[in-house]
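Architecture and fold: a report
Letter by letter, the chains look like this.
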Protein chains: 4
Amino acid sequence: MQAQAMLKTHPNPLSVQDALAECVEACFDCALHCSSCADACLAEDGVADLRGCIRTDLDCADICNATARVLSRQTAFGESPAATQVKACRDACQKCAEHCEGHRDHHQHCALCADACNACVTACDNLLGLID
Amino acid sequence: MQAQAMLKTHPNPLSVQDALAECVEACFDCALHCSSCADACLAEDGVADLRGCIRTDLDCADICNATARVLSRQTAFGESPAATQVKACRDACQKCAEHCEGHRDHHQHCALCADACNACVTACDNLLGLID
Amino acid sequence: MQAQAMLKTHPNPLSVQDALAECVEACFDCALHCSSCADACLAEDGVADLRGCIRTDLDCADICNATARVLSRQTAFGESPAATQVKACRDACQKCAEHCEGHRDHHQHCALCADACNACVTACDNLLGLID
Amino acid sequence: MQAQAMLKTHPNPLSVQDALAECVEACFDCALHCSSCADACLAEDGVADLRGCIRTDLDCADICNATARVLSRQTAFGESPAATQVKACRDACQKCAEHCEGHRDHHQHCALCADACNACVTACDNLLGLID
């Protein structure tokens, strides 16, 4: 994924375009991991014990996806709800990471998903330090 | 749309299911209006003056869509990022409504879109009064 | 939801705007039912037997959501991938309906979801009769 | 993005998991480029001449996003609408690529977007060769 190269081509690129690009990539990556983790949990023998994990995965995938799209836009950024949405994304990633951490030793998909969620929390924090 | 009837069929429906259903419907309705308003603005002669409106429409559509999906889920609701996401949705709707209100007299699509956004703000507030 | 009133406000509304509006509404309604049905299935005691239903629900929700957004746009419609996407949506709804029909007598959410899927198949067919 | 590593963690990974992972990544990458290209086109002085490009970008972003999510799932794959959705995705990418190719020399974002769309067409073809 080449978010940085793409965001640079905007007619009026923002000064925060690099932090924006990193957060866009972290959001898409987290969305992939959460959507895939929900599906892997669903196929586990112990699916009945993974209900909370699946629900939080699905929420986090939806929220990360929407956030990635919002952050892919630089036009009229100052009037956008980007900062509030990044905060919601941070919360979703943190809640999903907590769930998946609990299953890290039993399910490799939960371990990878927790890592992607934690990376997205960091990217959100970095961006919020600049735009909030 | 029959969100109320559908949410009632959950094996363990929440006590706030009615406010949830109303907010789900308001979010989907707002997503439709925002997506359609962005497209109508794009076709206007004065599209160059509607850039901020289009961007905010697209953000609001993405955020309302994600919020609707999060709120369609009642399993493990207490561990979900629902409340934070509804706050972000409220912010997106409010910002989009402000943009569209400014064009209410010139563009019927902006008038209808502002109404849908305002209705979604109210639905978010009602739900937040119960879950936040 | 007022898709018809909204699509009418486009500067250059299509002659097929009514069939478009009906399909947009059917898609959003089906997306809600599928997302909610996946979550209700997840909470059932017999979740292990509902894996296929949940997966098909999630696919159908994603596909209906994307289709609704595509169909909310009338600008440059002739150059769009709308017809192909509506065919994919029809297929997703049909596959999801078949799954949910199998559980109609045991789960009310599957019965309502199958109805929403079948209604969306009909709306897709009606639209395809005009644009394909 | 690490789709391959993630898809490998599924309890019952498919034999086509590598082609699936490549297509998932191509779809997310294309979704990012299309969403960002629409926003960059919107900020161009000649936005009025880029309406078709923006509409096709937005459609392609929505369709690629939904396709990526469908392909992130391996549970009950045989019953899913994956193949039909990949065909719709291929069509959306091809139509968007054609639009953006026409602006390649004037707008760097259209050049990068056309490349991402063409790469996604190839990934869809590769996958369809295995699952259709």
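Preceding block: the structure.
Residues numbered from 1 in each chain as written. Chains lettered and ligands numbered in written order. Predicted model: local features only at pLDDT ≥ 70, side-chain atom pairs only at ≥ 80, totals over all residues. Heavy atoms only, no water.

Attention now goes to the interface of chain D and chain A. Contacts between the two partners involve 35 residues from chain D and, on the opposite side, 35 residues from chain A. Taken together, both faces of the contact between chain D and chain A bury some 3,000 Å²; the carbon and sulfur share is 62%. Counting across the interface, chain D meets chain A through two salt bridges. A salt bridge links D:R69 to A:D62, with the nearest nitrogen and oxygen atoms 2.4 Å apart. (Contact = heavy atoms within 4.5 Å. Buried area = accessible area lost by both parts, 1.4 Å probe. Salt bridge = Lys/Arg side-chain N within 4 Å of Asp/Glu carboxyl O.)

As a packed pair, helix α2 (residues 17–43) of chain B and helix α3 (residues 51–71) of chain D sit with axes 10 Å apart at the nearest point and diverge in direction by 165°. It follows that α2(B) is roughly antiparallel to α3(D) by the angle criterion. Handedness of the α2(B)/α3(D) crossing: left-handed. Contacts between α2(B) and α3(D) involve B:D39, B:L42 and B:A43 on the former and, on the latter, D:R51, D:I54 and D:R55. Split by residue class, the contact of α2(B) with α3(D) holds three nonpolar, no polar and three charged. (Axes fitted to C-alpha atoms, helices over the stretch in contact; angles between N-to-C directions. Helix = DSSP H or I, 4+ residues; strand = E, 2+ residues; numbered from the N terminus. Parallel < 35°, antiparallel > 145°, perpendicular 65-115°, else oblique. Left-handed = near helix turned anticlockwise from the far one by under 90°. Nonpolar A, V, L, I, M, F, W, Y, C, P; charged D, E, K, R; others polar.)

In contact at an axis separation of 13 Å, helix α3 (residues 51–71) of chain A and α3(D) are set at 150° when each is read in the N-to-C sense. The angle between the axes of α3(A) and α3(D) places the two elements in the roughly antiparallel class. In this structure, α3(A) crosses over α3(D), and the sense of that crossing is right-handed. On the side of α3(A), the interface is formed by A:A61, A:D62, A:N65 and A:R69, while α3(D) contributes D:A61, D:D62, D:N65 and D:R69. Classifying every residue of the contact of α3(A) with α3(D) gives two nonpolar, two polar and four charged.

According to the stated counting rule, one finds 40 salt bridges over all chains in the structure shown. A:D62 is the partner of B:R73 in a salt bridge, and the nearest nitrogen-oxygen pair spans 2.9 Å. Placement of B:R73 in the loop between α3 (51–71) and α4 (82–101) and of A:D62 in helix α3 is noted, with the two residues assigned to different chains. For the pair B:R73 and A:D62, a shared accessibility class is recorded, and that class is buried. As a salt-bridge pair, C:R73 and D:D59 come within 2.6 Å of each other at their nearest N and O atoms. (Buried < 20%, exposed > 50% of the residue type's maximum accessible area, 1.4 Å probe, protein only.)

With that out of the way, let us pick up the relation of the copies chain D and chain A. You can overlay chain D on chain A at an RMSD of 0.0 Å; the transform is a turn of 180° with a shift of 0.0 Å along its axis. Both copies are brought into coincidence by an operation consistent with a two-fold rotation axis. Looking at the interface residues of chain D, 100% of them are also at the interface in chain A, so both copies use one shared face. (Least-squares fit on C-alpha atoms with pLDDT ≥ 70 in both.)

Our focus in this paragraph is the relation of the copies chain B and chain D. One copy of the chain maps onto the second through a rotation around an axis plus a translation along that axis. Turning chain B through 180° and shifting it by 0.0 Å along the axis lays it on chain D, with an RMSD of 0.0 Å. Both copies share a contact surface, since 100% of the interface residues of chain B are interface residues in chain D too.

What follows deals with the interface of chain B and chain D. Contact with chain B, which involves twelve residues of that partner, is made by twelve residues of chain D. A per-residue breakdown of the area chain B buries against chain D is headed by B:L42, B:V47 and B:R51, which together make up 58% of the total. Remark: the boundary between chain B and chain D carries zero salt bridges. Put simply, chain B and chain D have four residue pairs in polar contact (both at pLDDT 80 or more) between them. (Polar contact = N/O pair within 3.5 Å; in protein donor to acceptor, adjacent residues only side chain to side chain.)

You can see C:P81 is positioned in the loop between α3 (51–71) and α4 (82–101). Its relative accessible area of 1% is what places C:P81 among the buried residues. Placed 78 residues apart in sequence, C:P81 and C:A3 show a C-alpha to C-alpha distance of 20 Å. The residues contacting C:P81, other than those within four sequence positions of it, are D:D59, D:I63, D:D91, D:A92 and D:K95.

A positive phi angle, close to 50°, is found at B:A76, a residue other than glycine. Position of B:A76 among the secondary structure elements: in the loop between α3 and α4.

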